[in-house]
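Structural description and commentary
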Amino acid sequence: MAYKIEKASEIADNIFEFWIKAPHVSKNAQAGQFVVIRIDEKGERIPLTISAAKDDLIRIVFMAVGKTTKFLSSLKEGESVLDVAGPLGQPGELKKWGNCVLIGGGVGIACLPILAKALKEQGNQVTGIIGARNENLLLLSDELEQDCDELVICTDDGSRGFHGFPADILKKKLEDEKIDCVWIIGPAIMMKITSMATIPSKTKTFVSLNPIMVDGTGMCGSCRVSVGGETKFACVDGPEFDAHLVDWDELMNRQRIYPSQEKESLDNFNE
Ligand code: FAD
Ligand code: FES
C-alpha cells in the first residue's frame, strides 16, 4: 500500500514538514507516539514522531541528516512512501498534572504541538519553551503560541527571543513557581543536561528517547536502553521515560555505533 504525501514544505533550514495520508494511524495516534516509515522496497525503516494528526492525515517533521531523511526530503507533494507503520510506542502520561512545562530543542520542537493540545484538554496549564541554535532553525512557533498558555523562545546565538538555553528559563521558573511536570524532547545531550535542573526539586520529568530503531515492535533489540537499572526497549516500553532514571551515557554510546556505515550510505546516495 502506498501512502501519499499531501503537503510537503521546508519549514526551517534543512527541516521538512510532510502531511501524509494514513487514516489508520491518524485515527489512533496519541501524543508521544511515532511511526516507522519505509520509502521503498530497498529502503531502511526510520522512526519519526507523530507531530500532529488531523482527519486522515498525520504530520511528520524531520531534519535531513543522512541517507534516508535526505531521500525523504527530496519527495514532492503527490508522491508516496511505501510503508507508514504505527502508531507505535506508548502514549505520554496524559492526565491532569497542574502546571506543565514542555521543552523542545531543535527538531524535537516538532513533538510539542500534539502534546500541548493533549495536556490542555486534560485541564493543565501549559508553558512551552523552545530552543534552537539560531532563528533559522526554530519551527512551529506560531502554532505553539496558540497551543500553549505561554511560549518562551530561546536561541543559542540570541538571534531571536532569549539569548541562551531552555534550561536557563526552566531553572528560573523552578525558583519562581511550583511546576508539577516537565517534558524535555530534543537531542540526547540536551535532554540529559536540561533534566538535571529538575533533580533537586524532584519534579517529575519525561524525556522521549531516540535510540536507533529498526523494527519498532520489540523484536530486534536495537533500541535497548537502561532505565532505573532495568533494560527497556524504547519502541514498545517508551519512547517516553522518567529522565532521572535514564542511563544517558549508554544511550549516547549506542546512538554512535554505525557512523562509518551511515557515512558510506550517504556518500553512495549523494553520488
Ligand atoms: P543516518 O546517517 O543513517 O543516521 C544519522 C543519525 O540518526 C545516526 O547517527 C543516529 O543517531 C540516527 N539514526 C540513524 N538511523 C536511525 C534509526 N533507524 N532509528 C533512530 N535513529 C537513527 N528525527 C527527526 O528529524 N524528526 C522526528 O520527529 C524524529 N522522531 C524520532 C522518534 C523516535 C522514537 C526515534 C527513535 C528517532 C526519531 N528521529 C526523528 C530520528 C530519526 O529517526 C533519524 O534522524 C533517522 O533515522 C536518520 O536516518 P538517516 O538514514 O537519514 O541518517
Ligand atoms: Fe527493534 Fe525496538 S526497534 S526492539
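Here the residue numbers are simple positions, counted from 1 along each chain's written sequence. Chains and ligands are labelled sequentially in the order written, the chains with letters from A and the ligands with numbers from 1. In keeping with the predicted nature of the model, local features appear solely for residues at pLDDT of at least 70, side-chain atom pairs appear and are counted solely at 80 or more, and the whole-chain, interface and lining totals rest on all residues. Values reported for side chains reflect all heavy atoms of the structure, with hydrogen atoms and water molecules removed beforehand.

1. Remarks on empty space enclosed by the protein
Using a grid of 1 Å spacing that covers the protein atoms alone, one calls a set of points a cavity when a 1.4 Å probe fits there but cannot get out, and a pocket when the set is open and has protein on both sides within 12 Å along at least five of seven lines; lining residues are those with an atom within 4 Å of a point. Grid points are joined across faces, edges and corners, and a volume is the space filled by probe spheres set on the points. Under the counting rule described, the total for this entry stands at two cavities of 30 Å³ or more. The calculated volume of the largest cavity comes to roughly 60 Å³. Around the largest cavity, the lining residues are Gly32, Thr49, Ile50, Cys111, Ile114, Leu115, Ile185, Ser208 and Glu240. Under the grouping applied here, Gly and all other residues not named as nonpolar or charged are polar, the nonpolar ones being Ala, Val, Leu, Ile, Met, Phe, Trp, Tyr, Cys and Pro and the charged ones Asp, Glu, Lys and Arg. Residue classes in the lining of the largest cavity are distributed as five nonpolar, three polar and one charged. Two domains each put at least three residues into the lining of the largest cavity: domain 1 (3-88) and domain 2 (99-255). For the domain bounds, the source is a domain assignment made automatically or taken from a database.

2. Brief notes about the packing of aromatic side chains
The pairing test for Phe, Tyr and Trp rings, Trp by its six-membered ring, is centres within 6.5 Å, and the orientation test on the planes gives stacked under 30 degrees, edge-to-face over 60, and tilted for anything in between. As enumerated under the stated definition, the model contains five aromatic pairs in all. Ring centres of Phe18 and Phe62 lie 5.1 Å apart, and the angle between their planes is 90°; on these two criteria the pair is classed as edge-to-face. You can see Phe18 sitting in strand β2 (residues 15-21) and its partner Phe62 sitting in strand β6 (residues 57-63), a full 44 residues away along the chain. Their ring planes at 70° and their centres at 5.9 Å tell us that Trp97 and Phe206 sit as a pair that is edge-to-face. Linking Trp97 in the loop between β8 (83-88) and β9 (99-105) with Phe206 in strand β14 (residues 204-208), this pair joins segments that are 109 residues apart in sequence. Residue Trp97 shares its accessibility class with Phe206, and that shared class is buried. Put simply, DSSP H or I for four residues or longer makes a helix, DSSP E for two residues or longer makes a strand, and each gets a number counted from the N terminus. Partly exposed residues are those whose accessible area sits between 20% and 50% of the maximum for their type, while under 20% is buried and over 50% is exposed, using a 1.4 Å probe and protein chains only.

3. A closer look at unusual backbone geometry
Glycine aside, a negative phi is what most residues show, and trans is what most peptide bonds show. Following Gly86, the chain continues to Pro87 via a peptide bond in cis, the omega torsion being 0°. Mapped onto the secondary structure, Pro87 falls in strand β8. Cis geometry marks the peptide bond from Gly238 to Pro239, where omega comes out at 15°. Despite not being glycine, Asn14 has its phi angle at roughly 65°, a positive value.

4. Observations concerning helix α2 (residues 67-74)
Residues of α2 that are buried: Thr68, Thr69, Leu72 and Ser73. Looking down the long axis of α2, one finds its buried residues gathered within 135° of arc, a one-sided arrangement. Lining the buried residues of α2 we find β2, β4 (46-49), β6 and β7 (80-81). To be clear, the arc concerns the directions from the helix axis to the C-beta atoms. Contact criterion: two residues are considered in contact whenever any of their non-hydrogen atoms come within 4.5 Å of each other.

5. Some points on the nonpolar core
Within the largest apolar cluster, 53 residues are counted, with the highest numbers of intra-cluster contacts made by Phe18, Ile20, Ile58, Ile60, Leu72, Val81 and Val84. A per-element tally of this core places helix α3 (residues 112-121) first, with six residues. Mapping this core onto the domain boundaries places at least three of its residues in each of domain 1 (3-88) and domain 2 (99-255). Discounting chain neighbours no more than four positions away, the residues touching Val81 are Met1, Ala2, Tyr3, Ile5, Ile37, Arg38, Ile39, Leu72 and Leu75. To qualify as a nonpolar core, a set must consist of buried Ala, Val, Leu, Ile, Met, Phe, Trp, Tyr and Cys residues joined through side-chain atoms within 4.5 Å.

6. Some remarks on the domain arrangement of the protein chain
In terms of domain boundaries, the protein chain breaks down into domain 1 (3-88) and domain 2 (99-255). Distance between the C-alpha centres of domain 1 and domain 2: 21 Å. At the junction of the two partners, domain 1 supplies 21 residues and domain 2 supplies 19 residues. For any pair of parts, buried area is found by adding up, for both, the accessible area (1.4 Å probe) each one loses once the two are put together. Summed over both sides, the interface of domain 1 with domain 2 buries roughly 1600 Å², with 68% coming from carbon and sulfur.

7. With respect to the pairing of β6
Counting buried residues along β6, five of its seven residues qualify, which places the element largely inside the surrounding structure. DSSP bridges decide pairing: two strands pair if at least two such bridges lie between them. By the bridge criterion, seven bridges tie β2 to β6 in an arrangement that is antiparallel. From the neighbouring strand, Ile15 faces β6, where its bridge partner is Met63. As paired strands, strand β5 (residues 52-54) and β6 are joined by three bridges and run antiparallel to one another. Within β6, the position partnered with Ala53 by the bridge is Ile58. Linking β5 to β6, which pair antiparallel, is a turn of two residues; within it Asp55 sits at a positive phi near 50°.

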